[in-house]
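One letter stands for each residue in the lines below.
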Amino acid sequence: MIETKTKQYFTDFPALKILFLFDEAQEFLEEVQGIETSEFKVVFWENNPFILKYQLTHEFQNQKVLLYLPLAQPSSQKMYHDFPLMG
């Protein structure tokens, strides 16, 4: 399901480079770990915002990325501004 939905998002929005998957309860962790496709790269948040930001803007800049975050999705303007990958 996640793989199919991710492919559909990247098809529907061709300019989209990074798709954030917030999963605070980790309901989809096992499914995401099992994704094997050449259409996009699966990257896992490991509380490493500086390294991850570098990878997303340099190492993976020419790839589509599904970024799995076992965190709550920011739900307010302040939370979005405090999110380490913004900007």
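For the structure, check the block above.
As the structure is a computational prediction, the values presented were derived from the model and not from experiment.

Peer 1: I'm lost on the overall build of the protein in this one. Help?
Peer 2: Summing up its helical and strand segments, the protein has 4 helices and 3 strands in all. The order of α-helices and β-strands along the protein, N terminus first, is α-β-α-β-α-β-α. The C-alpha atoms of the protein give a radius of gyration of 13 Å, which matches the 12 Å a tight globule of 87 residues would have. The C-alpha extent of the protein, read off along each of the three principal axes, is 35 × 30 × 25 Å. Buried residues in the protein amount to 30% of all 87 residues. Just so you have it, the protein exposes about 6100 Å², and 53% of that area is on carbon and sulfur atoms. Positive and negative charge centroids in the protein, built from 7 and 12 side chains respectively, lie 9 Å apart.

Peer 1: Before we go on, may I ask you to explain the sheet that holds strand β1 (residues 18–22) in this structure?
Peer 2: By way of backbone hydrogen bonds, the strands of a sheet pair with one another, either parallel or antiparallel. The strand order across the open sheet built from 3 strands is β1-β3-β2, with neighbouring strands paired in parallel fashion. Lying at the two open borders of the sheet, with one neighbouring strand each, are β1 and β2 (41–44). Sheet twist, expressed as the mean angle between neighbouring strand axes with direction ignored, is 25°. In terms of strand pairing, β1 meets strand β3 (residues 65–69) through 5 bridges, oriented parallel. Counterpart to F20 in the pairing with β3 is L67.

Peer 1: Would you explain the environment of L66 in this entry?
Peer 2: If you trace the backbone, L66 turns up in strand β3. Taking the relative accessible area as the measure of exposure, L66 reaches 1% and is therefore buried. Between the C-alpha atom of L66 and that of F13, which follows or precedes it by 53 residues, the distance is 14 Å. With residues near it in sequence (within four places) discarded, L66 still touches I2, T6, L19, L21, V32, I35, F40, K41, V42 and V43.

Peer 1: Teacher, can you tell me more about the pattern of salt bridges here?
Peer 2: For the coordinates displayed, the defined rule picks out 3 salt bridges. Between K7 and E3 there is a salt bridge, with the nearest N and O atoms lying 3.1 Å from each other. Of the two residues, K7 and E3 both sit in helix α1 (residues 2–12), 4 residues apart, roughly one turn of that helix. Residue classification places K7 among the partly exposed positions, given a relative accessible area of 24%. Exposure remark for E3: the relative accessible area of 23% places this residue in the partly exposed category. Taking the shortest distance from any N to any O, the salt bridge between D82 and K78 comes out at 2.7 Å. Of this pair, D82 and K78 both sit in helix α4 (residues 77–82), separated by 4 residues, roughly a single helical turn. Overlapping salt bridges bring together E3, K7 and E39 as one network.

Peer 1: I'm lost on the nonpolar core in this one. Help?
Peer 2: One broad trend across soluble globular proteins is that nonpolar side chains are buried collectively. The biggest cluster of nonpolar side chains holds 10 residues, and these are V43, W45, L52, L56, F60, V65, L67, L69, F83 and L85. Listed by contribution, the elements that provide at least two residues to this core are α3 (49–59) and β3. If you tally residues by element for this core, the top one is β3, at 3 residues.

The rules behind the values
- Within any chain, residue numbers begin from 1 and follow the written order of that chain's sequence.
- In view of the model being predicted, local features appear only for residues whose pLDDT reaches at least 70, and side-chain atom pairs are presented and counted only at 80 or more, with totals across whole chains, interfaces and linings using the full set of residues.
- The basis for every side-chain value is the complete set of heavy atoms in the structure, and neither hydrogens nor water enter the calculation.
- By the criteria applied, helices consist of DSSP H or I runs no shorter than four residues and strands consist of E runs no shorter than two, each listed in order from the N terminus.
- Here the radius of gyration uses the C-alpha set of atoms, whereas the globule reference equals 2.2 Å times the residue count to the power 0.38.
- Type-normalised accessible area, obtained with a 1.4 Å probe on protein chains alone, sets the label of each residue: buried when under 20%, exposed when over 50%, and partly exposed for intermediate values.
- All accessibility values rest on the Shrake-Rupley procedure with a 1.4 Å probe; residue burial counts only the protein chains present in the view.
- By the counting rule applied here, Lys and Arg register as positive and Asp and Glu as negative, while His and the ends of each chain are not counted.
- Here the site of a charge means NZ on Lys, CZ on Arg, CG on Asp, or CD on Glu.
- Note: two strands are recorded as paired if DSSP finds a minimum of 2 bridges between them.
- Orientation is described by lines fitted to C-alpha atoms, with helices fitted over the stretch in contact, and by angles between N-to-C directions that extend from 0 to 180 degrees.
- Contacts: residue pairs with any heavy atoms within 4.5 Å of one another.
- Should a side-chain nitrogen of Lys or Arg be within 4 Å of a carboxyl oxygen of Asp or Glu, the pair is scored as a salt bridge.
- For the purposes of this section, nonpolar cores are sets of buried Ala, Val, Leu, Ile, Met, Phe, Trp, Tyr and Cys residues that join through side-chain atoms within 4.5 Å.

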